[in-house]
Amino acid sequence: PAIDTIPLKYGSHRTGNRTDSVMQRWRSYALGQFIHWGVYAIPGGHWEDKSYNGAAEWIRSWSGNTAPNDWKNTYDNLYKQFNPTDFNAAKWAKQAKNMGAKYVIFTTKHHDGFCMWPSKYTDYTIKNTPYKKDIVKQVVDAYNAEGVDVYLYFSIIDWNHKGYRSGVPKTPADSVAYEDFKKFTRNQLIELLTKYPTAKGLWFDGTWDAAWVKQSKFADDLEKELRKLRPGLIIGSRFRADEYGKRHFDSNGKMMGDYEQGWERKLPASIDVVKGRDWDCVMTIPPNQWGYNSDWKSSYIKTANDLTNMLLHAVSMNGNLVVNFGPDGKGNIRTEEGQTAEKLGEWVKQNSEAIYGARYSGLPKPEYGYYTKKDNKLYLTVFNSPVNHILRLPIPRSYAQKPIKAILGNQQSLPLVVTDMGMSGDANLYYDITLPEGQNLNQPFVITIELNQSK
Ligand code: FHN
């Protein structure tokens, strides 16, 4: 349907992307870190010597033969053991910065309802653990000290709150309970924004539940209230649904929220899917584990090169990539994650020009890797190099700028030859770039292509 054909009270309130400076900054992040940390880190995907197949942070919701009868109560008592004495926020923040992350999304409360800050609206918080100290505050302070922006992850699903209902409330008593839960949710969000005034945004999750999807007016009012409380606040498309229950995009197809927040563990196959929109992609290092799982042996673990590839994929299509970490119950980021972060960071540091502030090039994706672009520089990050060492790049004749120089790394000039294939009607010119003998093809590398000024 044509835009805005359906009259909506609680649909999108904006056409096009935000243009203010806070959002410009968000757009330039390119790389972020996600942290899933809570009491689920204690069982680490295992309960009574049995391992669960799903995501470790969901362990509470699983029942069945393997669980003792009172196991849910047992999970809700785990906090009494939560004492992450190894937690060192400064160390995490430094590691994130060295990885090249410009922002972190931290789980203040996941679906289990456990609060990593001392919320005054529930007893189920860090304050009542042996550890006692406010973890959210330590994260915010440490990351800010490293110049890394903080976003607060908040789950609307809350398995611990008495008023929470999954699915539309069935009885009047359920409805009353849910109203209480809504008040609680609002209070907690205001509390978070008040306690952590430097947080740049809220990253909502668990909003697919039918009970919440029905709350279009409440959620819209609340979003307005939160934005008023914190001018510039960034909220993605997961937060609310319109009055017809449409999520992310309203019934007129317009995005709700400041960026598209639907890319989870998958990247858009082509720019056409996300063109003209801001978006982020959140990515796990194992297949689907966000919280700590002590067993990484049985699945494929992404390498630093895999993540570099995904990062370039995202940036080449104007998105941010957010890589997830799941620290253990003592507060340690696992060694493998640390090593991956370090490798990724080394590469990012050396090739930062091709990443930060670089955007979609306007060109079709090259078969050798990805293009990113900044002013008169086109960056070709090569992941698949041909055996003849010649990268032949089709550039549409209609492209406003022409390649004039190719540089490998920071200084090595490479032969660049224009090959007019001379086929009638061919829309492209072909640019051949010859790689030097001995080029290490085991690592991705960047060729900077200088373009002439556009007319
Ligand atoms: O159920 C959660 C999951 O545990 C994790 O937090 C991810 C992160 O985007 N979000 C939900 C699934 O969409």
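In this numbering scheme, every chain counts its residues from 1 along its sequence in written order. A pLDDT threshold of at least 70 governs which residues receive local features in this predicted model, and a stricter bar of 80 or more applies before side-chain atom pairs are shown or counted, although totals over entire chains, interfaces and linings include all residues.

- Under an unreviewed UniProt entry, the name given to the protein is alpha-L-fucosidase, and the source organism is Pedobacter chinensis.
- UniProt positions are given in the numbering used here, feature names are shortened, and annotations may be inferred rather than shown by experiment. As its UniProt record puts it under Function (unreviewed entry), the protein is described as follows: "Alpha-L-fucosidase is responsible for hydrolyzing the alpha-1,6-linked fucose joined to the reducing-end N-acetylglucosamine of the carbohydrate moieties of glycoproteins."

## Focus: the overall build of the protein
Okay, step 1: Counting from the N terminus, the helices are the DSSP runs of H or I reaching at least four residues and the strands are the DSSP runs of E reaching at least two. The number of helices and strands found in the protein is 9 helices and 18 strands.
Okay, step 2: For the protein, whose C-alpha radius of gyration is 24 Å, the value lies close to the compact-globule estimate of 23 Å for 455 residues.
Okay, step 3: Seen along its three principal axes, the alpha-carbon backbone of the protein occupies a region of about 75 × 55 × 40 Å.
Okay, step 4: Counting the 455 residues in the protein, one finds 42% classified as buried.
Okay, step 5: In this description, a residue-residue contact is defined by the distance between C-beta atoms placed from the backbone, which must lie within 7 Å. Of the contacts formed within the protein by residues at least 6 apart in sequence, a portion of 70% connects residues at least 24 apart. With C-alpha atoms as the basis for the radius of gyration, the globule rule is written as 2.2 Å multiplied by the number of residues raised to the power 0.38. Once C-beta atoms are placed from the backbone, each residue is buried if 20 or more other C-beta atoms lie within 10 Å of its own, exposed if 12 or fewer, and partly exposed for counts between those two.

## Quick word on the domain arrangement of the protein
Okay, step 1: Here the bounds of each domain stem from an automatic or database domain assignment. By domain assignment, the protein separates into domain 1 (21–354) and domain 2 (369–451).
Okay, step 2: Taking the mean C-alpha position of each, domain 1 and domain 2 sit 39 Å from one another.
Okay, step 3: Opposite the 10 residues of domain 1 that make contact, domain 2 presents 9 residues.
Okay, step 4: Grouping the amino acids of the side of domain 1 that touches domain 2 by side-chain chemistry returns 3 nonpolar, 6 polar and 1 charged. Note on residue categories: nonpolar means Ala, Val, Leu, Ile, Met, Phe, Trp, Tyr, Cys or Pro, charged means Asp, Glu, Lys or Arg, and polar means any other residue, Gly included.

## Some remarks on the environment of A96
Okay, step 1: The residue A96 is located in helix α3 (residues 89–99) in this model.
Okay, step 2: Using a count of 26 C-beta atoms within 10 Å as the deciding quantity, one classes A96 as buried.
Okay, step 3: Taking the C-alpha atoms as reference points, A96 and G345, 249 residues apart in sequence, are found 8.6 Å from one another.
Okay, step 4: Sequence-distant contacts of A96, that is, excluding residues within four places in its chain, are made with Q33, A101, V104, Y143 and V148.

## Quick look at the environment of G245
Okay, step 1: Counting through the fold element by element, G245 comes out in the loop between β7 (234–235) and β8 (260–264).
Okay, step 2: According to the C-beta neighbour criterion, G245 is exposed, with 11 such atoms within 10 Å.
Okay, step 3: C-alpha of G245 to C-alpha of K214: the two residues are 31 residues apart in sequence and 6.5 Å apart in space.

## Quick look at the site of the ligand
Okay, step 1: All residues adjacent to the ligand are H36, A55, E57, W58, D205, E264, V282 and W290.
Okay, step 2: By residue class, the composition of the shell around the ligand is 4 nonpolar, 1 polar and 3 charged. Whether a residue is near a molecule or strand depends on its C-beta atom, generated from backbone atoms, being within 6 Å of that molecule or strand.

## So, the sheet that holds strand β11 (residues 369–374)
Okay, step 1: A pair of strands is treated as paired once DSSP finds two or more bridges between them. Read across the open sheet, the 5 strands follow the order β11-β12-β18-β14-β15; overall the sheet is antiparallel. Among the strands making up the open sheet, the edge pair consists of β11 and β15 (412–414). When strand polarity is set aside, the average angle formed by the axes of neighbouring strands in this sheet is 30°.
Okay, step 2: Axis lines are fitted through C-alpha atoms, for helices just across the contact stretch, and the angle between N-to-C directions can take any value from 0 to 180 degrees. Sitting on the sheet, helix α8 (residues 304–316) is in contact with β11 and β12 (377–382), with an inclination near 50° to β11.

## Details of the packing of helix α5 (residues 172–195) against helix α7 (residues 216–229)
Okay, step 1: Two elements in contact, α5 and α7, have axes whose closest approach is 10 Å; the angle formed by their N-to-C orientations is 15°. Considering their axes alone, α5 and α7 lie roughly parallel with respect to each other. Crossing handedness for the pair α5 and α7: right-handed. Contact residues: α5 offers K182, R186, L189, I190 and L193, while α7 offers F218, L222, L226 and L229.
Okay, step 2: For the contact of α5 with α7, the residue count by class is 7 nonpolar, no polar and 2 charged. An angle below 35 degrees is read as roughly parallel, one above 145 as roughly antiparallel, one from 65 to 115 as roughly perpendicular, and any other as oblique. Take the far helix as your reference; a near helix turned counterclockwise from it by less than a right angle gives a left-handed crossing, and one turned clockwise gives a right-handed crossing.

## Details of the nonpolar core
Okay, step 1: Buried Ala, Val, Leu, Ile, Met, Phe, Trp, Tyr and Cys residues whose C-beta atoms connect them within 7 Å together make up a nonpolar core. V104 and L152 are the most contacted members of the largest nonpolar core, which has 104 residues in total.
Okay, step 2: Counting contributing residues, this core receives three or more from each of domain 1 (21–354) and domain 2 (369–451).

## With respect to the confidence of the model for the protein
Okay, step 1: Residue-level confidence of the predictor is summarised by pLDDT, bounded by 0 at the bottom and 100 at the top. Looking at the protein, pLDDT values average 94 and 96% of them are 70 or higher.
Okay, step 2: As scored by the predictor, the complex reaches a pTM of 0.97 and an ipTM of 0.99.

## Concerning the sheet that holds β8
Okay, step 1: Reading across from one edge, β7-β6-β5-β4-β1-β10-β9-β8 is the order of the 8 strands in this open sheet, with parallel pairing throughout. The open sheet is flanked by β7 and β8, the only strands paired with a single partner.
Okay, step 2: Bridge count between strand β1 (residues 31–35) and strand β10 (residues 319–325): 5 bridges; the pairing is parallel. Bridging from a neighbouring strand, Q33 pairs with V323 of β10.

## Re the packing of α3 against helix α9 (residues 335–350)
Okay, step 1: Following both chains from N to C, one finds α3 and α9 inclined at 40°, their axes separated by 7 Å at the closest point. When the axes of α3 and α9 are compared, the pair comes out oblique. Here Q95, N98 and M99 of α3 come into contact with α9, specifically with G338, A341, E342, L344 and G345.
Okay, step 2: Residue composition of the contact of α3 with α9, by class: 3 nonpolar, 4 polar and 1 charged.

## Let's talk about the pairing of strand β17 (residues 428–434)
Okay, step 1: Pairing analysis gives 7 bridges linking strand β13 (residues 390–396) to β17, with the strands arranged antiparallel. Bridging across to β17, P396 finds its partner in N428.
Okay, step 2: Bridge count between strand β16 (residues 416–419) and β17: 4 bridges; the pairing is antiparallel. Looking at the pairing, V418 lines up with Y431 of β17.

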